[in-house]
Amino acid sequence: MVISVLATARFSQFNLGAGDGLVVGRLGSVITTTDTTHAIVGAGANALTVTGYVSASGNSAHAVDFVGGNHTIVVDSTGMLLSSRGIGINLGAGGNTLVNSGVIYGGLTGINIGSGAATSITNYNTIVTSGSDGIYSAGSKVNLYNVGIIDGAYDGVDTFTAQGAAIINTGSIIGRGDNALDLSNFDDVVINNGYMQGSNAVQLNSGNDLFDGRNGTQVGGVDGGAGSDTIYGGAGSDSLFGNLGVDMLYGGGGGDTINGGTEGDLIVGGAGGDVMSGGTGGDLFVFALGDQGDLITDLNAGGVRDGFDLRTVFDQTGFTGTDPRGAGILGVYQSGADTDVYLYGSFFFRIQGVVAAAIDDSYFIFQ
């Protein structure tokens, strides 16, 4: 293994043999300007630390182009990796570890990863593109911890053809052309404690996925795709779509729009006036104190009976009986073409386009 240290400007490609490493010092730089001439190339299992400047400005020229996988790349806070018309970091296979505290810019993609073992990416600063995705994986599972900014011209992070993703975000992930996250057909896990924005903030696709946005902000919808997903919205106004599969959808605070999609889903609107649609399948709408003001738009869609779970409300109030309607606690009233449900004299939710006389006690779970 050979470790090279570059402390001056270099205006030609730097080649690393298999297993070799390079440190681009704070005063060092590697610059190429011709088409398809990458700035730094590696033959496999390479180690790269950048505290200086790496630039490739030719057409289809990458700042870093490493064959195979098992690479380790660290970009320091003073480091910059720039590709004007190519990829910031191009990795031929998986099994990589990347830590970015500087700036990675791709005229096409910021970080591109091939197939193979899982790749770990920690981003403390900026990954930005002007042509395609911030991070794209063709097969390697991506374990991403983002504190900084990932700003993709198309998707922020695209692992659609990969073996899954595990993402913790406390920074910002933006997809200016499509989704903040466009994830795999495997079981993905996303915890958003930061900010995500896209036409869909998150496209989960197939797999039994978990998205937890309770402490974050999602601008754009969260789409579960196929599979049995668990999706939590945040304190703001979220749009949650279970899509295919038996899903559990939790709106959280704010006025949310929730659609279960197909099959029998569990839907919890949470605080705020929510608009909830179960979709086809036997869906269960769950309420608690403070969840008042919701609208249910498609009761019994597809001819399959839905229901309302009031157990949490009665646990909170201490009611232990089995006939809240007879006790004057539950009221079901006609309101124009709709039905309004009251608890303890307060409006709780409206059922659109349904006659009140049709809502008997068999629709409710009390205890």
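Summarised in this report is the structure supplied together with it. If you're wondering where the values come from, they're calculated on a predicted model, not measured in any experiment. (Residues numbered from 1 in each chain as written. Predicted model: local features only at pLDDT ≥ 70, side-chain atom pairs only at ≥ 80, totals over all residues. Heavy atoms only, no water.)

**A closer look at the overall build of the protein**
For the record, the criterion: Helix and strand definitions follow DSSP, with helices as H or I runs of at least four residues and strands as E runs of at least two, each counted in order from the N terminus. Any two residues having at least one pair of non-hydrogen atoms within 4.5 Å are treated as being in contact. Computed with a 1.4 Å probe, the accessible areas rest on the Shrake-Rupley method; for each residue, only the protein chains presented here act as cover. This count recognises Lys and Arg as positive and Asp and Glu as negative, with His and chain-terminal groups excluded. Lysine's charge is taken at NZ, arginine's at CZ, aspartate's at CG and glutamate's at CD.
Helix and strand content of the protein: one helix and 41 strands. Seen through its C-alpha atoms, the protein measures out along the principal axes to roughly 85 × 30 × 30 Å. For the protein, restricting intrachain contacts to residue pairs at least 6 apart in sequence, the fraction spanning at least 24 positions comes to 35%. Of the roughly 13300 Å² that the protein leaves accessible, carbon and sulfur atoms contribute 54%. With 10 positive and 34 negative side-chain charges, the protein shows a separation of 7 Å between the mean positions of the two kinds.

**As for the pattern of salt bridges**
Side chains carrying opposite charge are able to pair once their charged atoms draw close together. The following threshold applies: The working definition used for a salt bridge is a side-chain nitrogen of Lys or Arg within 4 Å of a carboxyl oxygen of Asp or Glu. Exposure classes here rest on a 1.4 Å probe applied to the protein chains alone. A residue is buried below 20% of its type maximum, exposed above 50%, and partly exposed in between.
Enumeration according to the criterion identifies seven salt bridges in this entry. As a salt-bridge pair, R85 and D35 come within 3.9 Å of each other at their nearest N and O atoms. One end of the pair, R85, is in strand β11 (residues 80-85); the other, D35, is in the loop between β5 (29-32) and β6 (40-42), and 50 residues separate them in sequence. Its relative accessible area of 44% is what places D35 among the partly exposed residues. Between D151 and R176 there is a salt bridge; the shortest N-O distance is 2.6 Å. One end of the pair, D151, is in strand β20 (residues 149-152); the other, R176, is in the loop between β23 (172-175) and β24 (179-182), with 25 residues separating them in the sequence. On the basis of relative accessible area, R176 is assigned to the partly exposed category, the value being 47%.

**Considering the packing of aromatic side chains**
Note the following rule: Aromatic contacts are taken between Phe, Tyr and Trp rings whose centres are within 6.5 Å, Trp giving its six-membered ring; a plane angle under 30 degrees counts as stacked, one over 60 as edge-to-face, and the others as tilted.
Counted under the stated rule, the structure contains 12 aromatic pairs. With a centroid separation of 5.5 Å and 40° between ring planes, the pair formed by F308 and F364 is classed as tilted. Placement of the pair is F308 in strand β37 (residues 307-309) and F364 in strand β41 (residues 364-365), with a sequence separation of 56 residues. Using a relative accessible area of 7% as the deciding quantity, one classes F364 as buried.

**Focus: unusual backbone geometry**
A positive phi angle is found at A45, which is not glycine, with a value near 50°. Note on placement: A45 falls in the loop between β6 and β7 (47-50).

**Quick notes on the nonpolar core**
Quick note on the threshold: What makes a nonpolar core is a set of buried Ala, Val, Leu, Ile, Met, Phe, Trp, Tyr and Cys residues whose side-chain atoms join them at distances within 4.5 Å.
Ranked by internal contacts, the top residues of the largest apolar core, which has 74 residues, are I40, F287, F308 and F364. Other than its neighbours up to four places away in sequence, I40 contacts F14, L16, L22, V24, V30, L48, V54, A63, V64, D65 and F66.

**What to know about the environment of S362**
For clarity, the cut-off: Any pair of N or O atoms that falls within 3.5 Å is considered a polar contact. Within protein, one atom must be able to donate a hydrogen and the other to accept it, and sequence-neighbouring residues count only if both atoms are side-chain atoms.
Relative to the helices and strands, S362 is located in the loop between β40 (346-351) and β41. Spatially, the C-alpha atom of S362 lies 9.4 Å from that of F308, the residues being 54 residues apart in sequence. At a separation of 2.4 Å, a polar atom in the side chain of S362 contacts the side chain of D360.

**With respect to a nonpolar patch on the surface**
To be explicit about the condition: For patch detection, residues must exceed 30% relative accessible area and be free of salt bridges, and they are connected within 9 Å for like charges or within 5 Å for nonpolar side chains (Val, Leu, Ile, Met, Phe, Trp, Tyr).
Judged by side-chain polarity, Y124, Y145, V147, I168, V189, I191 and L210 come together as a nonpolar surface patch covering roughly 520 Å² of accessible area. Tracing the backbone shows I191 in strand β25 (residues 189-192). The partly exposed category is assigned to I191, whose relative accessible area is 30%.

**A short note on the pairing of strand β13 (residues 97-100)**
Put simply, the rule is: We call two strands paired when DSSP finds no fewer than two bridges between them.
Burial along β13 is one-sided: the residues L98 and N100 are buried and none of T97 and V99 is. Two strands pair when backbone bridges link them, and β13 and strand β16 (residues 119-123) are joined in this way by four bridges, in the parallel orientation. Looking at β16, one finds that L98 is bridged to I121.

**Things to note about the pairing of strand β8 (residues 53-59)**
Judged from the four bridges that link them, β5 and β8 form a sheet pairing that is parallel. Looking at β8, one finds that S29 is bridged to Y53. Sheet topology note: the β8/β11 ladder contains five bridges and is parallel. For S55, the partnering residue across the bridge sits in β11 and is L82.

**Focus: the side chain of N112**
Within the element layout of this structure, N112 appears in strand β15 (residues 111-113). Classification of N112 by relative accessible area gives buried; the value is 17%. Apart from the residues within four sequence positions on either side, N112 is in contact with I87, I89, N90, L91 and Y136.

**What to know about the environment of G194**
Here G194 shows up in the loop between β25 and β26 (195-203). By relative accessible area, G194 is classed as buried at 13%. Along the sequence, G194 and T217 sit 23 residues apart, while their C-alpha atoms lie 6.2 Å from each other. If near-sequence neighbours (up to four positions away) are discounted, G194 is found in contact with N169, T170, G171, N215, G216 and T217.

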